[in-house]
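Below, each chain spelled out in residue letters.
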Amino acid sequence: MGVVHTLHFVFGIFGNATALFLFLAPIITFKRIVQKRSTEQFSGLPYVMTLLNCLLSAWYGLPFVSPNNLLVSTINGTGAAIESIYVLIFIAFAPKKEKKKISALLLLVLAVFAAVALVSMLALHGNNRKLFCGIAATIFSIIMYGSPLSIIRLVIKTKSVEFMPFFLSLFVFLCGASWFAFGLLGKDPFVAIPNGFGFGLGTVQLILYAIYCDKKELFTKKSTPDDSLEMGNDKSSGKSRLEQV
């Protein structure tokens with residue numbers, strides 16, 4: 001039993017490290033936004049949705065909601081802080097129409113989180129509280145992990161990994177694998193299921209990279225290095241976000 005608890009803790013620490021990399025990856029993009037004082041064609045939607053996922057997952061990991069998941073709260077609490085900064089920067093430099101759209105979406109996200117938190121605290125107790133918060137966190141975790149599907153389609157269509165950076169795919173794989181193992185060892189389906197999905201998706205991305213990486217140079221690069229590292233959707237090219245951990 002001691003070995004299981006030790007492994008559970010180790011996978012949680014490793015999951016924290018890999019998830020932090022995913023949360024920090026868009027820094028290059030936001031450096032570009034600040035320098036150009038424009039969000040260009042980037043979309044703020046993935047950052048707002050990842051913020052909601054982080055808030056719900058952090059809440060789910062708190063001891064009074066689900067025991068033995070404090071490591072889930074620490075990384076998602078950190079992720080929520082990072083995503084909040086991204087969203088605020090995006091709103092600051094977005095065109096007027098996009099600014100209103102993302103601001104309204106941010107208010108909606110905060111309202112959804114507040115509703116989940118209040119209902120879970122005031123109306124639910126024990127296992128019902130864990131079940132309610134776990135389902136909410138699982139749904140948005142799957143949505144966050146599912147966002148790279150458009151990149152996978154693009155890779156298959158173009159037979160090029162130009163828009164799928166290797167290290168981002170690697171850390172989706174590692175992050176998903178770590179938290180999947182953490183969820184299994186802790187017998188927590190609300191951690192295991194969405195991260196098992198992420199682990200599978202990361203595996204597919206690495207397989208595609210192995211198949212098409214030798215063809216990368218055959219295609220003319222149409223984006224800047226900053227674009228290829230972007231973890232959000234670029235409305236003009238179809239690139240999509242991971243992050244969200």
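Let me sum up the structure you'll find in this document. (Residues numbered from 1 in each chain as written. Predicted model: local features only at pLDDT ≥ 70, side-chain atom pairs only at ≥ 80, totals over all residues. Heavy atoms only, no water.)

Right, let's get into the layout of surface pockets. Looking at the largest pocket, its volume works out to about 350 Å³. Along the wall of the largest pocket there are 15 residues; nearest its centre are His5, His8, Asn68, Leu185 and Gly186. Of all the elements in the fold, those that place two or more residues in the lining of the largest pocket are helix H1 (2–24) and helix H8 (166–185). It is H1 that contributes the most residues to the lining of the largest pocket, four residues altogether. Of the residues in the lining of the largest pocket, the class split is seven nonpolar, five polar and three charged. (1 Å grid on protein atoms, 1.4 Å probe; cavity = no way out; pocket = protein on both sides within 12 Å on 5 of 7 lines; lining within 4 Å. Points joined across faces, edges and corners; volume = space filled by probe spheres on them. Helix = DSSP H or I, 4+ residues; strand = E, 2+ residues; numbered from the N terminus. Nonpolar A, V, L, I, M, F, W, Y, C, P; charged D, E, K, R; others polar.)

A separate point is the packing of helix H5 (residues 96–122) against helix H6 (residues 126–146). Relative to each other, H5 and H6 sit at 170°, their axes nearing to 9 Å. With respect to each other, H5 and H6 are oriented roughly antiparallel. In this structure, H5 meets H6 at a crossing whose hand is right-handed. Here Val116, Val119, Ser120 and Met121 of H5 come into contact with H6, specifically with Arg129, Phe132 and Cys133. Split by residue class, the contact of H5 with H6 holds five nonpolar, one polar and one charged. (Axes fitted to C-alpha atoms, helices over the stretch in contact; angles between N-to-C directions. Parallel < 35°, antiparallel > 145°, perpendicular 65-115°, else oblique. Left-handed = near helix turned anticlockwise from the far one by under 90°. Contact = heavy atoms within 4.5 Å.)

Formed by 45 residues in total, the largest nonpolar core has its most connected members in Leu56, Tyr60, Val87, Phe90 and Trp179. Where this core is concerned, the elements lending two or more residues are H1, helix H2 (27–36), helix H3 (45–60), helix H4 (70–93), H5, H6, H8 and helix H9 (189–212). Setting aside residues no more than four positions away along its own chain, Trp179 makes contact with Gly12, Gly15, Asn16, Ala19, Leu71, Val72, Ile75, Val191 and Asn195. Val161, Leu201, Tyr209 and Tyr212 belong to the second largest nonpolar core, which has nine residues in total. (Core = buried A, V, L, I, M, F, W, Y, C linked by side-chain atoms within 4.5 Å. Buried < 20%, exposed > 50% of the residue type's maximum accessible area, 1.4 Å probe, protein only.)

Right, let's talk about empty space enclosed by the protein for a bit. In this approach a probe as big as a water molecule rolls over the atoms, and the regions it shows empty are the leftover space. Overall, the coordinates contain three cavities of 30 Å³ or more when judged by the stated rule. What the largest cavity holds in volume is close to 190 Å³. Forming the boundary of the largest cavity are 17 residues, of which Ser57, Val72, Asn76, Ser141 and Asn195 lie nearest the centre. Elements with a minimum of two residues in the lining of the largest cavity: H3, H4, H6, H8 and H9. Here the lining of the largest cavity is composed, by residue class, of 12 nonpolar, five polar and no charged.

Coordinates in, geometry out; function isn't part of it.
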